[in-house]
Amino acid sequence: MGLAKNRSEVDEGLKSELRKKGVVITTLEELYNWGRRSSIWPLQFGLACCAIEMIATACARYDIARFGAELFRASPRQADLMIVAGTVTKKMAPQIVRLYNQMAEPKYVITMGACSIAGGPFIDGYNVLKGIDRYMPVDVHLPGCPPRPEALLWGLMQLQQKIDNQEIEKTEWYQKGTKREFPVPEFGPKGLIPKFNPEIWRPETASHRRSRYGDPVLLGKKVAAPKFETFGDPTAKVGTV
Amino acid sequence: MNPTEVKSKLEAQFPGISIQIVNNGLVLKPEDLVRVAKFLKESEEFKLNYLSLITAVDYLEFLESVYHLYSMDKRTGPLILKVRVPRERATIPSLVPVFRGAEFQEREAYDMMGISYEDHPDLRRIFMWEGFEGYPLRKDYIPEDADVLEWEDVEWLERHDVKVPEEYKEFARQLKAAGKEARAVKPTEKEI
């Protein structure tokens, strides 16, 4: 993450010397960001097996409360962070985008696991969305299948770093004309309409997967199914008992 | 439960019925399914009163619906019934009048494989939404190419004030003019 460091111009050495004497120097921004990053409230929802790891992270052994993110909220209005934990099916995607739209600013998103990043093992399926970042911006991509609780904590720490380095005046939700709500996709005859939102996400021009693995191939010998004459009489009345 | 015994008993019960045994399953004609299931459920000898599973298989030449019957009273099972129908005329009588639990499983088989069950009380899609076209678990179904915007996507995005890049728009226009759909690459078959 190429983040510009948001540091005060007071010398660090002087600061620590002063701290020993009981004088604390800080900037308003630092204080504000410290408060924000130490009380990230995630939205309470899980989609698949990654949710189990998220639950484990919230429990006593890994204890997400050490990072101030233990308050899983049941309402998007009270949440700061959306952890997309699990496979996003096409049927679920509109609801996720709607929940994101309903969250109050400032809002952040962690995609947890291979499925919510890019479809994961279901990438060739008809039913799974190939990454939630097609419809809404994502702050931290957290790979793994599923990521261990430590990985989720690491992702949270990355997010805390990002929050720490934000300047309040320059954050995107205070800028004029920036979009922070995104259209909710609809169900179409072949899948979701639209397939992605080009303002947020665009497909790679060269397919990395194809260049590396080539086109999909079905291996093995095809065995014909045995022939049978029991198709029944097409003129017979069916459904009689 | 020996399928050969069941077969001979069914043949004694319904003279003229045609039954074949395939992999421990009894392959029936579609028109015989309901009366056979009803007999197996109600007869004192079998009491196969629990329908545990209905699933569908695509064999390319035909579609097959598979039923697993258990007996809760006698602790026997499964007895496997199979019904085969041609792809273009995939109609099988529904088992809902005999087993109420067949309802959702038949809806699932209809949704994924496109087998329509006659006399089903409420035959709708169960997993996919209304308006979805095609039956996604059939072997000839090819999913959409999710990385290419089609013209309806472009129209939708512009309706929602999203700026679509010119090259995507042009490509979608070309696709529409050629009357093509953006589908995923079909896997090529290779023998090893």
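The model shown is predicted, which means the values in this text are computed figures rather than measured ones.

Participant: Describe the pairing of strand β2 (residues 108-112) of chain A, listing the residues and the values that go with them.
Facilitator: Residue and element names in this part refer to chain A. The buried fraction of β2 is high, at 5 of 5 residues. Residues Tyr-108, Ile-110 and Met-112 of β2 are buried on one face, and the alternating residues Val-109 and Thr-111, pointing to the opposite face, are buried as well. Relative to β2, strand β1 (residues 81-85) is paired through 5 bridges, and the arrangement is parallel. What sits directly across from Leu-81, in β2, is Tyr-108. In the sheet, β2 pairs with strand β3 (residues 140-142) via 3 bridges, with the strands oriented parallel. Looking at β3, one finds that Met-112 is bridged to Leu-142.

Participant: Break down the confidence of the model for chain A for me, citing the residues and quoting the values.
Facilitator: Detailed reading of the predicted coordinates is not advisable wherever pLDDT is low. Summary statistics for chain A give a mean pLDDT of 86 and a share of 88% for residues scoring 70 or more. In this model residues 233-241 of chain A is a low-confidence stretch, pLDDT under 50, and it forms 15 contacts with partners more than four residues away in sequence or in other chains.

Participant: How would you summarise the interface of chain B and chain A if you had to cite specific residues and measurements?
Facilitator: Taken residue by residue, the interface counts 62 residues in chain B and 53 residues in chain A. Approximately 5100 Å² of surface area, both sides summed, lies buried where chain B meets chain A, with 62% of it carried by carbon and sulfur atoms. For the chain B face of the interface with chain A, the top three residues by lost area are Trp129(B), Glu144(B) and Trp156(B), together amounting to 15%. Joining chain B to chain A, the criterion identifies 5 salt bridges. Between Asp147(B) and Arg134(A) there is a salt bridge; the shortest N-O distance is 2.7 Å. On the surface where chain B and chain A come into contact, there are 13 residue pairs in polar contact (both at pLDDT 80 or more). At the level of elements, β1 (20-22), β2 (25-28), α2 (33-42), β5 (76-86), α4 (151-159) and β8 (188-189) of chain B are the ones that each hand at least two residues to the side of chain B that touches chain A.

Rules and cut-offs
- Every chain is numbered independently, its residues counted from 1 as its sequence is written.
- For this description, chains carry letters from A and ligands carry numbers from 1, given in the order in which they are written.
- Confidence filtering applies because this is a predicted model: local features only for residues at pLDDT of at least 70, side-chain atom pairs given and counted only at 80 or more, and all residues used for totals across whole chains, interfaces and linings.
- In computing side-chain values, all of the structure's heavy atoms are included and hydrogens and water are not.
- A simple rule labels every residue: compare its accessible area, found with a 1.4 Å probe on the protein chains alone, to the largest value its type can have, and call it buried under 20%, exposed over 50%, or partly exposed in between.
- Here a helix means four or more residues in a row that DSSP labels H or I, a strand means two or more in a row labelled E, and each is numbered from the N terminus.
- The pairing criterion is simple: DSSP has to find at least two bridges between the two strands.
- What pLDDT expresses is the predictor's confidence in each residue, scored from 0 to 100.
- Contacts are residue-level and defined by heavy atoms, with any inter-residue pair within 4.5 Å sufficient.
- A simple way to read buried area is as the amount of 1.4 Å-probe accessible surface that goes missing from two parts once joined, with both sides added.
- In the sections that follow, a salt bridge refers to a side-chain nitrogen of Lys or Arg positioned within 4 Å of a carboxyl oxygen of Asp or Glu.
- We define a polar contact as two N or O atoms separated by no more than 3.5 Å, with the added condition that, inside protein, one atom must be a possible hydrogen donor and the other a possible acceptor, whereas residues neighbouring each other in sequence contribute only through side-chain atom pairs.

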